[in-house]
There are 2 protein chains.
Amino acid sequence: MADFPDILPPFLIFLGDVPDALAAKTGQGIVDWRRERVAGQMRLTGCGADLGVPELGIGEACRLGAKTFVIGAVNPGGTLPDAWVASIVAALEAGMDVASGMHARLGAVEAIATAAASTGRRLHDVRHSTRTFPTGNGKRRSGRRVLTVGTDCSIGKKYTALAVERELHRRDVAAHFRATGQTGILIAGSGVAIDAVVADFISGAVETLTPNNHPEHWDVIEGQGSLFHPSFAGVSLALLHGAQPDAFIVCHEPTRRTMRNVATPIADVDDVIEATIRHGRLTNPGIRCVGLAIDTSRLADDEAERILAEHAARFHLPVCDPIRTGVAPLVDELLAP
Amino acid sequence: MADFPDILPPFLIFLGDVPDALAAKTGQGIVDWRRERVAGQMRLTGCGADLGVPELGIGEACRLGAKTFVIGAVNPGGTLPDAWVASIVAALEAGMDVASGMHARLGAVEAIATAAASTGRRLHDVRHSTRTFPTGNGKRRSGRRVLTVGTDCSIGKKYTALAVERELHRRDVAAHFRATGQTGILIAGSGVAIDAVVADFISGAVETLTPNNHPEHWDVIEGQGSLFHPSFAGVSLALLHGAQPDAFIVCHEPTRRTMRNVATPIADVDDVIEATIRHGRLTNPGIRCVGLAIDTSRLADDEAERILAEHAARFHLPVCDPIRTGVAPLVDELLAP
């Protein structure tokens, strides 16, 4: 997409010396969803994570054609260890771009900024937005769009969108996952971290992210936050208006009681469906809910089955757990005439 | 308010050489609502606007104690004319701070940046946010709050809020107008241009803007956009959640057909009331509508009267035109036990 310069594959995924797999979630996401873009991983002594891809040094990765050194792990304590800085500088000097979803900008570290300037390599700080966007205009665009929404933050919206994209591809339907958060951008290789966009331009940024397309093409748009989360509902509403989705999927986690980082109770699925339709109609009068994606990972098999069946009966909609059951029924409904 | 360094009065309001009163709306707003902060105006040859306050040069204004040189007019074509730059530099060198609501940052002009640095004076670019804010937490705060909301942008939300603050003061009720846009900030001398805040922190910025206060104190919060405007609804929703208002006033203009700068029809008053209550309940379960502020300036007297009466009968709420009738009935309802 011309508007969003791609993070060029193949990637050498850098895991530093993080202690476990949890700290390497971003790298794992890239391997899970875009294995074909990954040349290998690079780990420092003591690293406890392993993505199961070839172990490469910087020189070797370059010889294999690696174009971008992707930070695939969380830097401990938010600060960039010296050994990480040295690896990033070495990657730049070997001719790779560097991509990061960290809070701190790569260019804020002098050694990295200097190496990038002298080598002419690009630094992709995907958590930060360097582009300017127009304000949203609300005009209908061609092509089809599905958005994942949620009863809370961090409730499976990215995972569900990626699973739906994969299922559409399996059926030979033209589709693109559109990333709206830093991990999604590193997985997709492009996108906009919309929570980093200046308030006035959020819906405009989403309009730019999901432009006109041919009539049968699906944009599968990664949702953010929740219309009922007191910290982020504004972002969710602007995303809904800018996305102008034809269809949406509600992501939910049935054991969660309060929303992430606040004391507010988790939203009801009913309220999320109703508010999404009510507000979504402003930019797409045909918006409809095509199903629920429920994270049942905290439940035993029989309890999970019961919860999925209960929700299906209550909402008369396909209900899946993307990990346990796959998303085929959601895509059936999405493609139903 | 310690969090929002004040723009220090008295002001010398600079109008440049703008051709008419419309281009000097910001200066006029300051004179209308905060006359006591204004030492005088400064105009260049050819200026067609006049605020009706003493005409002062920079030296004279300083001798009278003026602390801030406020750009009270819109710079033509968005660029800063040389004569304006020269006046701004002279004001800095004479010892004044400079405040501007223009899109372009004052400090982006080299001569201004140099003069500010060498004199140690402050540049207030109120359209830009230089502060960082926490994310919103949705916790209830002490004190009372009223928010103006609208069926569109630019529909009287700032004016209504200022009129309500004035009416509360007339009744000796402790109250503060809380500005959320650049003109409001220049009038109030402090505030946050929330449409310039990074998306993730909008509701947090509003929580910071309207902190805990004593139980009988009213924050009168300037609304932005509309929950039904496809460009800015996200900002409006985050503002509503962060403001956690006890009460709100709906601003409307009955002759407008489409929303500002887009083809979307103007929202219905009913929908705005319903959506504001529905979403406002998330952070303040007691939220209620205390009336309508209708801009009838495009209507003849009898037609205006008819429209106000019609809306009052339909909504069973006080309905005013803040300019034609004043806002006393809205404040009666606001203070009703």
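Model, not experiment: these values are computed from the prediction.

**Q** How should I be thinking about the sheet that holds strand β4 (residues 97-100) of chain B in this particular structure?
**A** One key point about sheets: their strands pair by backbone hydrogen bonds, in either a parallel or an antiparallel sense. All names here are of chain B. Ordered by their spatial adjacency, 5 strands build an open sheet running β2-β1-β3-β4-β5, and the pairing between neighbours is parallel. Strands with a single pairing partner mark the edges of an open sheet, and in this sheet they are β2 (38-43) and β5 (123-125). The sheet shows a mean angle of 20° between the axes of neighbouring strands, taken without regard to direction. In the sheet, β4 pairs with β5 via 3 bridges, with the strands oriented parallel.

**Q** Just checking my understanding: could you explain the interface of chain A and chain B for this structure?
**A** Interfaces are often described in size by the accessible area the parts lose on coming together. In this assembly, 33 residues from chain A lie in contact with 33 residues from chain B. Interface of chain A and chain B: buried area, both sides summed, is about 2,500 Å²; carbon and sulfur atoms make up 59% of it. Run the count over chain A and chain B and you get 2 salt bridges. When the shortest N-O distance is used, the salt bridge between Glu274(B) and Arg278(A) registers 2.7 Å. Summed over the shared surface of chain A and chain B, the number is 13 residue pairs in polar contact (both at pLDDT 80 or more). Counting residues per element, the ones that place at least two in the side of chain A that touches chain B are α7 (202-209), α8 (233-243) and α9 (269-280) of chain A. Per-element tally for the side of chain A that touches chain B: the top contributor is α8(A), with 6 residues. Looking at the side of chain A that touches chain B residue by residue, the classes come out as 17 nonpolar, 12 polar and 4 charged.

**Q** Quick question: what am I supposed to make of the nonpolar core here?
**A** A general trend in soluble globular proteins is that nonpolar side chains are found buried together. Judged by nonpolar contacts, the single largest core of 84 residues is most densely connected at Val250(A), Ile273(A), Leu292(A), Val250(B), Ile273(B) and Leu292(B). When neighbours within four sequence positions are excluded, Ile273(A) is seen to be in contact with Phe248(A), Val250(A), Cys289(A), Leu292(A), Phe315(A) and Leu317(A). Ile7(B), Leu51(B), Ile88(B) and Val164(B) belong to the second-largest nonpolar core, a separate cluster that totals 73 residues.

**Q** I would appreciate a short explanation of the relation of the copies chain A and chain B in the present structure.
**A** To go from the first copy of the chain to the second, apply a rotation about an axis and then a shift along the same axis. Its rotation angle being 180°, the transformation that places chain A on chain B also includes 0.0 Å of axial translation and leaves an RMSD of 0.1 Å. With respect to symmetry, the two chain copies, as superposed, fit the operation of a two-fold axis. Most of the interface of chain A is mirrored in chain B, where 100% of its interface residues are also at the interface.

**Q** Any chance you could explain the sheet that holds strand β6 (residues 144-150) of chain A here in plain terms?
**A** Residues and elements named next belong to chain A. Across the sheet, which stays open at both edges, the 6 strands sit in the order β7-β8-β6-β9-β10-β11 with parallel pairing between neighbours. For this open sheet the edge positions go to β7 (175-178) and β11 (319-320), each flanked by a neighbour on one side alone. Sheet topology places strand β9 (residues 247-252) next to strand β10 (residues 288-294); 6 bridges connect them, and they run parallel. Following the sheet pairing, alanine 247 is matched in β10 by arginine 288.

**Q** Explain the side chain of Thr208(A) here, please?
**A** With respect to the secondary-structure elements, Thr208(A) resides in helix α7. Reaching out from Thr208(A), the side chain makes a polar contact with the backbone oxygen of Gly204(A) at a distance of 2.8 Å.

**Q** When you look at helix α5 (residues 157-170) of chain A in this model, what are you seeing that I'm missing?
**A** Note: α-helices contain 3.6 residues per turn, so residues at a spacing of three or four share the same orientation. Along its 14 residues, α5(A) runs 20 Å from first to last C-alpha, staying within 8% of the 20 Å computed at 1.5 Å per residue. Phi turns positive one or two residues past the end of α5(A), at Asp172(A), with a value near 60°.

**Q** Explain unusual backbone geometry to me, please; I cannot follow it from the model alone.
**A** Negative phi values dominate among residues other than glycine, just as trans dominates among peptide bonds. All names here are of chain A. The linkage connecting proline 9 with the following residue, proline 10, adopts the cis geometry, with an omega of -5°. Mapped onto the elements of the fold, proline 10 is located in the segment before β1 (11-16). Even without glycine at this site, glutamine 244 takes up a positive phi of about 40°. Relative to the helices and strands, glutamine 244 resides in the loop between α8 and β9. Judged by its relative accessible area of 1%, glutamine 244 falls in the buried class.

**Q** Explain the pattern of salt bridges here, please?
**A** Two side chains carrying opposite charge are able to pair once their charged atoms lie near each other. The full count for this structure, using the stated rule, is 40 salt bridges over all chains. Linking Arg140(B) and Asp246(B) is a salt bridge whose minimum nitrogen-to-oxygen distance equals 3.9 Å. Here Arg140(B) is found in the loop between β5 and β6 (144-150), whereas its partner Asp246(B) is found in the loop between α8 (233-243) and β9 (247-252), with 106 residues between them in sequence. Salt bridges linked by common partners bring Glu167(A), Arg170(A), Arg171(A) and Asp332(A) together as one network.

**Q** Would you mind going over the packing of aromatic side chains with me for this structure?
**A** The way to describe two aromatic rings as a pair is by their centre distance and the angle between their planes. All names here are of chain A. Tallied over the full model, the rule gives 6 aromatic pairs over all chains. An angle of 90° between the planes, with centres 5.4 Å apart, marks the rings of phenylalanine 14 and tryptophan 84 as edge-to-face. Of this pair, phenylalanine 14 sits in strand β1 while tryptophan 84 sits in helix α3 (residues 82-93), placing them 70 residues apart in sequence. For the pair formed by phenylalanine 14 and tryptophan 84, the shared burial category is buried. Through a chain of ring-to-ring contacts, three or more aromatic side chains come together here, namely Phe14, Phe69 and Trp84.

**Q** How should the side chain of Ser203(A) be read in this particular structure?
**A** Inspection of the secondary structure assignment puts Ser203(A) in helix α7. With relative accessibility at 1%, the residue Ser203(A) sits in the buried group. Among the polar contacts listed, one links the side chain of Ser203(A) to the backbone oxygen of Pro230(B), at a separation of 3.0 Å. Ignoring any residue separated from it by four or fewer positions in sequence, one finds Ser203(A) in contact with Gly136(A), Ala238(A), Gly242(A), Pro230(B) and Ser231(B).

**Q** Would you take a moment to explain helix α9 (residues 269-280) of chain B for this structure?
**A** A rise of 1.5 Å per residue sets the reference length of α9(B), with its 12 residues, at 16 Å; its end C-alpha atoms lie 16 Å apart and thus fit the reference within 8%. All of the buried residues in α9(B) are Val269(B), Val272(B), Ile273(B), Ala275(B), Thr276(B), Ile277(B), His279(B) and Gly280(B). Tucked into the core, α9(B) has its buried residues touching α9 of chain A together with β6, α8, β9, β10 (288-294) and α10 (301-315) of chain B.

**Q** Mind showing me how you'd approach the pairing of β6(A) here?
**A** The side chains of a regular strand alternate, residue by residue, between the two faces of the sheet. All names here are of chain A. Among the 7 residues in β6, 6 count as buried, and that is most of the element. The sheet contact formed by β6 and strand β8 (residues 218-221) spans 4 bridges and is parallel. Looking at β8, one finds that arginine 144 is bridged to tryptophan 218. As defined by bridge partners, β6 adjoins β9 across 5 bridges and the pair is classed as parallel. Note on β9: the bridge partner recorded for leucine 147 is phenylalanine 248.

**Q** Which parts of the structure should I look at to understand the environment of Val269(B)?
**A** Residue and element names in this part refer to chain B. Structurally, valine 269 can be placed in helix α9. A sequence separation of 80 residues divides valine 269 from glycine 189, and the C-alpha atoms of the two residues are 32 Å apart. Setting aside its immediate chain neighbours within four residues, valine 269 contacts Thr151, Val250, His252, Leu292 and Phe315.

Procedures and definitions
Residues numbered from 1 in each chain as written. Chains lettered and ligands numbered in written order. Predicted model: local features only at pLDDT ≥ 70, side-chain atom pairs only at ≥ 80, totals over all residues. Heavy atoms only, no water. Pairing = 2+ DSSP bridges. Helix = DSSP H or I, 4+ residues; strand = E, 2+ residues; numbered from the N terminus. Axes fitted to C-alpha atoms, helices over the stretch in contact; angles between N-to-C directions. Contact = heavy atoms within 4.5 Å. Buried area = accessible area lost by both parts, 1.4 Å probe. Salt bridge = Lys/Arg side-chain N within 4 Å of Asp/Glu carboxyl O. Polar contact = N/O pair within 3.5 Å; in protein donor to acceptor, adjacent residues only side chain to side chain. Nonpolar A, V, L, I, M, F, W, Y, C, P; charged D, E, K, R; others polar. Core = buried A, V, L, I, M, F, W, Y, C linked by side-chain atoms within 4.5 Å. Buried < 20%, exposed > 50% of the residue type's maximum accessible area, 1.4 Å probe, protein only. Least-squares fit on C-alpha atoms with pLDDT ≥ 70 in both. Expected span 1.5 Å × (residues − 1). Phe/Tyr/Trp six-rings, centres within 6.5 Å; stacked < 30°, edge-to-face > 60°.

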